[in-house]
Amino acid sequence: EAEVAQSPRYKITEKSQAVAFWCDPISGHATLYWYRQILGQGPELLVQFQDESVVDDSQLPKDRFSAERLKGVDSTLKIQPAELGDSAMYLCASSLGAIVRGTNEKLFFGSGTQLSVL
Amino acid sequence: GQQVMQIPQYQHVQEGEDFTTYCNSSTTLSNIQWYKQRPGGHPVFLIQLVKSGEVKKQKRLTFQFGEAKKNSSLHITATQTTDVGTYFCAGGANFGNEKLTFGTGTRLTIIP
């Protein structure tokens, strides 16, 4: 069964350093999402792409976070500089991208990148 | 903004007992989805409900969507050790931006 690929699986960094996460969605999925999940909480959407275009980045802290999906396939999420409060699981998800008003597609999540900022 | 709350936050049950988690939204939803996240794992889609009052079953799992489309529930009959994990609801609001808002989750542990 096709899966969403993410790397690295774990990342430990010191505050003020730069970190980057990579995601490769399921082949043919036009929509890609980056979520942040703090321990004990539900995933929170950071950014949503439709092909190479950003659809929603209202919750992305743009002073330090950036995301790109240049060719509309894989994506990179970057944090610079990292802060202690950024420690969390960063989940990538994808969906087919057949956007229909009034409903949502089911999401396929990757295994995530667990970030620890020291 | 839209808020989705779940209760209880934690639930410990003896194997074979039933389990229910409740999901409540601050706004009317266009649809609701349920996900399961095993310990150390990632969320996995279980089901989607769209219609007011809708009820769907998956083996021992029963999902309901409230008449007002502001609440939902997941009921598991005769829990098994494989049911361990955190169950999240995720609601979509029909404001022209079909963003899913995840609930706070209910963590289920099974006592063998």
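So, here is what we can say about the structure in this document. (Residues numbered from 1 in each chain as written. Chains lettered and ligands numbered in written order. Predicted model: local features only at pLDDT ≥ 70, side-chain atom pairs only at ≥ 80, totals over all residues. Heavy atoms only, no water.)

What chain A contains, in helices and strands, is zero helices and 11 strands. N-terminal to C-terminal, the α/β element order of chain A is β-β-β-β-β-β-β-β-β-β-β. Its C-alpha atoms give chain A principal-axis dimensions of about 40 × 30 × 30 Å. Taking all 118 residues of chain A together, 47% fall into the buried category. (Helix = DSSP H or I, 4+ residues; strand = E, 2+ residues; numbered from the N terminus. Buried < 20%, exposed > 50% of the residue type's maximum accessible area, 1.4 Å probe, protein only.)

Facing the 23 residues of chain A at the interface are 21 residues of chain B. Both sides of the chain A and chain B interface together cover about 1,700 Å² of buried area, and 47% of this is carbon and sulfur. Across the chain A-chain B interface, the total number found is zero salt bridges. At the junction of chain A and chain B, the tally comes to seven residue pairs in polar contact (both at pLDDT 80 or more). Residues that form the side of chain A that touches chain B fall into these classes: seven nonpolar, 11 polar and five charged. (Contact = heavy atoms within 4.5 Å. Buried area = accessible area lost by both parts, 1.4 Å probe. Salt bridge = Lys/Arg side-chain N within 4 Å of Asp/Glu carboxyl O. Polar contact = N/O pair within 3.5 Å; in protein donor to acceptor, adjacent residues only side chain to side chain. Nonpolar A, V, L, I, M, F, W, Y, C, P; charged D, E, K, R; others polar.)

A separate point is the state of the cysteines. Scanning all chains against the criterion turns up two disulfides over all chains. Between Cys-23 of chain A and Cys-92 of chain A runs a disulfide, and the two sulfur atoms are separated by 1.9 Å. Handedness of the Cys-23 of chain A-Cys-92 of chain A disulfide follows from its S-S torsion of about -65°: it is left-handed. A residue pair is termed long-range when its members are at least 10 positions apart, and Cys-23 of chain A in strand β3 (residues 19–24) and Cys-92 of chain A in strand β9 (residues 88–95) qualify at 69 residues. Exposure class is identical for Cys-23 of chain A and Cys-92 of chain A. Each is buried. Between the sulfur atoms of Cys-23 of chain B and its disulfide mate Cys-89 of chain B the distance is 2.0 Å. Around the S-S axis, the bridge from Cys-23 of chain B to Cys-89 of chain B shows a dihedral of about 80° and counts as right-handed. Here Cys-23 of chain B is found in strand β3 (residues 19–25), whereas its partner Cys-89 of chain B is found in strand β9 (residues 85–92), with 66 residues between them in sequence. Of the residues examined, Cys-23 of chain B reaches a relative accessible area of 1% and is grouped as buried. (Disulfide = S-S within 2.5 Å.)

All names here are of chain A. The final tally for this structure, using the stated rule, is six salt bridges over all chains. As a salt-bridge pair, Lys-62 and Asp-57 come within 3.7 Å of each other at their nearest N and O atoms. Here Asp-57 falls in the partly exposed class, since its relative accessible area comes to 26%. Asp-86 serves as the salt-bridge partner of Arg-64, at 2.6 Å between the closest nitrogen and oxygen. Residue Arg-64 is found in the loop between β6 (53–56) and β7 (65–68), and its partner Asp-86 is found in the loop between β8 (75–79) and β9; the two are separated by 22 residues along the sequence.

Our next topic: the nonpolar core. Counting 20 residues, the largest nonpolar core has Phe-21, Trp-34, Leu-77, Ile-79 and Tyr-90 of chain A as the members making the most contacts within it. Listing elements by their share of this core, those giving two or more residues are β3, β4 (31–37), β5 (44–50), β8, β9 and β11 (113–117) of chain A. Ignoring sequence-local partners within four residues, the contact set of Tyr-90 of chain A consists of Gln-6, Phe-21, Tyr-35, Arg-36, Leu-46, Phe-65, Leu-77, Ile-79, Gly-112, Thr-113 and Leu-115 of chain A. Listed in part, the 19 residues of the second largest apolar core include Phe-19, Leu-46, Leu-49 and Tyr-87 of chain B. (Core = buried A, V, L, I, M, F, W, Y, C linked by side-chain atoms within 4.5 Å.)

Before going further, it helps to examine the layout of surface pockets. For the largest pocket, the calculated volume is near 600 Å³. Considering the residues around the largest pocket, the lining is formed by 26 residues, among which Gln-37, Leu-39 and Gly-40 of chain A together with Gln-37 and Thr-86 of chain B are closest to the centre. Every element with two or more residues in the lining of the largest pocket is listed here: β9 of chain A together with β9 and β11 (106–111) of chain B. Of the residues assigned to the lining of the largest pocket, the class counts are nine nonpolar, 14 polar and three charged. By volume, the second largest pocket amounts to about 290 Å³. Forming the boundary of the second largest pocket are 15 residues, of which Glu-1, Phe-108 and Phe-109 of chain A together with His-42 and Val-44 of chain B lie nearest the centre. Ranked by the residues each element gives to the lining of the second largest pocket, the list is headed by strand β5 (residues 43–49) of chain B, at three residues. Here the lining of the second largest pocket is built from residues that sort into nine nonpolar, three polar and three charged. (1 Å grid on protein atoms, 1.4 Å probe; cavity = no way out; pocket = protein on both sides within 12 Å on 5 of 7 lines; lining within 4 Å. Points joined across faces, edges and corners; volume = space filled by probe spheres on them.)

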